[in-house]
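# Chains, contacts and geometry: an overview
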Amino acid sequence: QITQTKDFNSHLNEAQLQAVESINGATLVIAGAGSGKTRTIVYRLAHLLNSGVSPSNILLLTFTRKASHEMLQRATKLLNETTSNIIYPENDLSASENNNYYYHKENSPHTSLINLQGGTFHSFAFSVLRQYYPSGYATPPNILDSSDSSGIIHDCKDNLKIAKGEKSFPKSQTVLSLFSKARNKELSLDEVIKRELYHLLPYSDDLEQLYQAYKSFKRQHAVMDYDDLLFELERLFTERPDLLTSYQNRFQYIMVDEYQDTNLVQCRLVRLLAGEKGNIMAVGDDAQSIYAFRGANVKNILAFTEHFPQAKIIKLEENYRSTQSILNLCNSVLDHAVESYKKHLFTKRENKQKPQVIRPFSDLTQAKLVASRIVELMGRYEPNEIAVLFRSGYHSYHLELELNKRGVRFRKYGGIRYIEAQHIKDVMSYARLLVNPLDFNAFQRVTSLSKGIGPKTCLKLYNAMQNHDDQEVSKICKKAPTLAADLKIIEKLRISNPSPSYIIDELTEHYKPYLTSNFPDDHPRRLQGLEELGHIAATYTELDLFIADLCLEDPFNSNQQEDTEKITLSTIHSAKGLEWSAVLIIDLAEDRFPSKKSLLKIEDFEEERRLMYVACTRAKDELYLFSPLSLYDRATGGTNQVQPSPFIKELKTELYEEWQENYIGGLTQKSAGVNQTQTYKPERLSQTKWNSEYDIDPTITITPANNPPIPSTVEQNTNTTQAKDPRSLGLCTH
Ligand code: ATP
Ligand code: MG
């Protein structure tokens, strides 16, 4: 029984409605930020379901699982609001194939939506590969995170005796990103080196040898890195056309958000899955492409009509998110782009206030000013309508301290992930061995916990175990009683195969003695983290899915119920697609944003510009751009003067109000000849006052805001602080 949805006419404009209603064949929606692309997908989802399409026939590919989750919830809500009842065929109500990612069984007529497959390309790939894997693997693969991968590269290099003792040989992390770049851009190592990493040229042969060794190691130990997931899925579909056909039959409708950030292999996967029918809708914005560094290829959008010749192209013009004064600033960011994006965002939304450029004395006083502004904003908005955005995860360090001091609660996206903490990785290594005994990294990690087990013994034990040489195993275990206990608990849990949360709780209990001895200072806090891990595990029924999700998503964040009491701190990359009433962008100083590395190549610099565009277009009502005049230098304990980010310099002054920090802990307006002093609430003042040791030369002059743009300034960025390794700031969770 299918009831008609009330029409969506009043919810959508004409172009959006057209996209929602074209459900046969290929459709590309290409449009600027905030023009309702994601909203169109949500409504199309609702429309499909309402037309009787079974949720299991829909594949929704998004940038994060959280995004697809939210889209699904919105579609569900819409249907529940607009229809009385929809009943799907009986078989849809059973969760098929264990690969649904939705656990919210709300009491709604649309419970059956749990059957809809949605998430990232990577998690989709894993959901297939855990069941069917291509030739060359002995068991379903475990997923490596980047620290595992660089560990493997390090070991392979040692084993092959490559560049022994040569100090200039690149670090494993650099080698890994070279490998990843080559794969994602689908170029040979040599080509990437010649194009952009010229200094590695002397090592070309060594790197090639290492590449091959890394590849065969992964096969042999049944592990895959992030990139493998996509390529191996493609290989699987090539090896198994029957499987591809069954997936093509299953996914009658494919929708892809943020299409501008797909890479070549993702694009091919979409085409494979869409097959002859080509029932696909992709939405994207070329001006928001910010993953070229990972091989994303904006040409995928531009080539859509070649890939799907019958494709309908729909453009959305109107912005519904931001006020016009915010959009004026956003447009201006793109005006200076080398490539022209024929886009001019407009809105009917009323103007509230101009964006503000705020110039704190340093990044330290910036933290205080930002915190004060947030407190003030919290008087006007719910905390979850406020976000602070930054270029790199570690940029929020001082702000986090300041917010903690003031009791402002926040959640943080991007940057160093909780699961990379040593204790979490330790416990997860046991779990990984339960799923895949061949996983050498996990094995290494577990054995390294026991005293007296070095790399040689570890390898000996690993081989003995793979060859079922019980005598050798017990000989080694005799020397290390804790190791024997480790192997025992793994074996016990493998045989009894309990629920993921039971496994994590047991392993945590088992790990406690290591925890107290290895982390004498902060084991109680780490124990809490492990307990939280157990809670998250409780939302899963399959251990391998839980493990994969920890690598591919950040369940510590995405499983959190939306807490309206918390503000958001996020890297710009993780803020893609989202929106807040008030957005504060910090550290708009040279070398911080754009990042120092990006100044070497114009394409990289332009990518930073699009990142700036993404950041500014997140704001609905209020936008604040913080551009500190100096940056704290941890090495000397002093501050170094910095130029404002070129993205600030090139903005026309009439687009924003300009405020400068003054010596009483407030702000003085600089523009339009006004000399107004704004001080924050007096009770905050004592906390807002900066420590005199951070003070900088009061004679410092403020650069006029309308300086000429980049090229001339790009070369000048030499005399400032180095971008710091997060670990040097004590941020590292290891
Ligand atoms: P981005 O490029 O940043 O991902 P987007 O194009 O996906 O943006 P949405 O997030 O879908 O844009 O929409 C931006 C905001 O505008 C949302 O709050 C959405 O609900 C609202 N919106 C979009 N279209 C309409 C409409 N026709 N009527 C009212 N509000 C709309
Ligand atoms: Mg969107």
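Everything discussed here concerns the structure shown above.
What comes next concerns the included structure. (Residues numbered from 1 in each chain as written. Chains lettered and ligands numbered in written order. Predicted model: local features only at pLDDT ≥ 70, side-chain atom pairs only at ≥ 80, totals over all residues.)

## Re the overall build of the protein
If you tally the helices and strands in the protein, you get 29 helices and 21 strands. Residues counted as buried form 46% of the 734 residues belonging to the protein. Contacts in the protein between residues at least 24 apart in sequence constitute 77% of all its contacts with a sequence separation of at least 6. (Helix = DSSP H or I, 4+ residues; strand = E, 2+ residues; numbered from the N terminus. Buried ≥ 20, exposed ≤ 12 C-beta atoms within 10 Å, placed from the backbone. Contact = placed C-beta atoms within 7 Å.)

## Here's the deal with the site of ligand 1
The local shell around ligand 1 holds 18 residues, among which Gly 36, Lys 37, Thr 38, Arg 39 and Tyr 320 are the closest. Looking at the shell around ligand 1, the element that brings in the most residues is helix 2 (residues 37-50), giving three residues. (Near = placed C-beta within 6 Å.)

## Considering the sheet that holds strand 1 (residues 27-31)
Taken in spatial order, the six strands make up an open sheet running 3-2-6-7-1-8, and their pairing is parallel. The open sheet terminates on both sides in strands that have one partner only, identified here as strand 3 (117-119) and strand 8 (312-316). Ignoring which end each strand starts from, the neighbouring axes of this sheet average 10 degrees apart. Pairing geometry for strand 2 (residues 58-61) and strand 3, over three bridges, is parallel. (Pairing = 2+ DSSP bridges. Axes fitted to C-alpha atoms, helices over the stretch in contact; angles between N-to-C directions.)

## A closer look at the packing of helix 22 (residues 500-518) against helix 23 (residues 523-537)
Look at helix 22 against helix 23: their axes get within 8 Å of each other, and the N-to-C directions meet at 170 degrees. It follows from the interaxial angle that helix 22 and helix 23 lie roughly antiparallel. Read as a crossing pair, helix 22 and helix 23 show a hand that is right-handed. Contact with helix 22, carried on its side by Pro 500, Ser 501, Ile 504, Asp 505, Thr 508, Leu 515 and Thr 516, involves His 523, Arg 526, Leu 527, Leu 530, Leu 533, Gly 534 and Ala 537 of helix 23 and no other residues of that element. Here the contact of helix 22 with helix 23 is built from residues that sort into seven nonpolar, five polar and two charged. (Parallel < 35°, antiparallel > 145°, perpendicular 65-115°, else oblique. Left-handed = near helix turned anticlockwise from the far one by under 90°. Nonpolar A, V, L, I, M, F, W, Y, C, P; charged D, E, K, R; others polar.)

## Here's the deal with the environment of Arg 609
Within the secondary structure, Arg 609 is located in helix 26 (residues 602-616). For Arg 609, a count of 24 C-beta atoms within 10 Å gives the class buried. Taking the C-alpha atoms as reference, Arg 609 lies 51 Å from Thr 457; in sequence the two are 152 residues apart. Apart from residues lying up to four places away in sequence, Arg 609 is in contact with Val 333, Ala 337 and Phe 647.

## Considering the pairing of strand 15 (residues 580-585)
Within strand 15, five of the six residues are buried, which leaves the element mostly enclosed by the surrounding structure. As judged from the four bridges shared by strand 12 (residues 386-390) and strand 15, these two strands associate in the parallel manner. Bridged to Val 388 within strand 15 is Leu 584. Once the chain exits strand 15 it traverses helix 26 before rejoining the sheet at strand 16 (residues 619-626), and the crossover so formed is right-handed. (Right-handed = clockwise from strand over helix to strand, strands pointing away.)

## Description of unusual backbone geometry
Peptide bonds are, in most cases, trans, and in most cases residues other than glycine have a negative phi. That bond from Phe 593 to Pro 594 is cis: its omega, 5 degrees, falls within 30 degrees of zero. By the secondary structure assignment, Pro 594 is in the loop between strand 15 and helix 26. Here the phi dihedral of Glu 186 falls at roughly 55 degrees; this positive angle occurs in a residue that is not glycine. We note that Asp 587 has phi near 60 degrees; this positive angle belongs to a residue other than glycine. Secondary-structure assignment places Asp 587 in the loop between strand 15 and helix 26.

## A few points about the packing of helix 6 (residues 172-185) against helix 8 (residues 204-220)
Helix-helix packing: each pair is described by the crossing angle between the helix axes and the interaxial distance. One way to put it is that helix 6 packs onto helix 8 with a least axis distance of 11 Å and a crossing angle of 80 degrees. On the basis of the axis angle, helix 6 is roughly perpendicular to helix 8. Within the contact between the two elements, helix 6 uses Val 175, Leu 178 and Phe 179 and helix 8 uses Leu 207, Leu 210, Tyr 211 and Tyr 214. A per-class count over the contact of helix 6 with helix 8 returns seven nonpolar, no polar and no charged.

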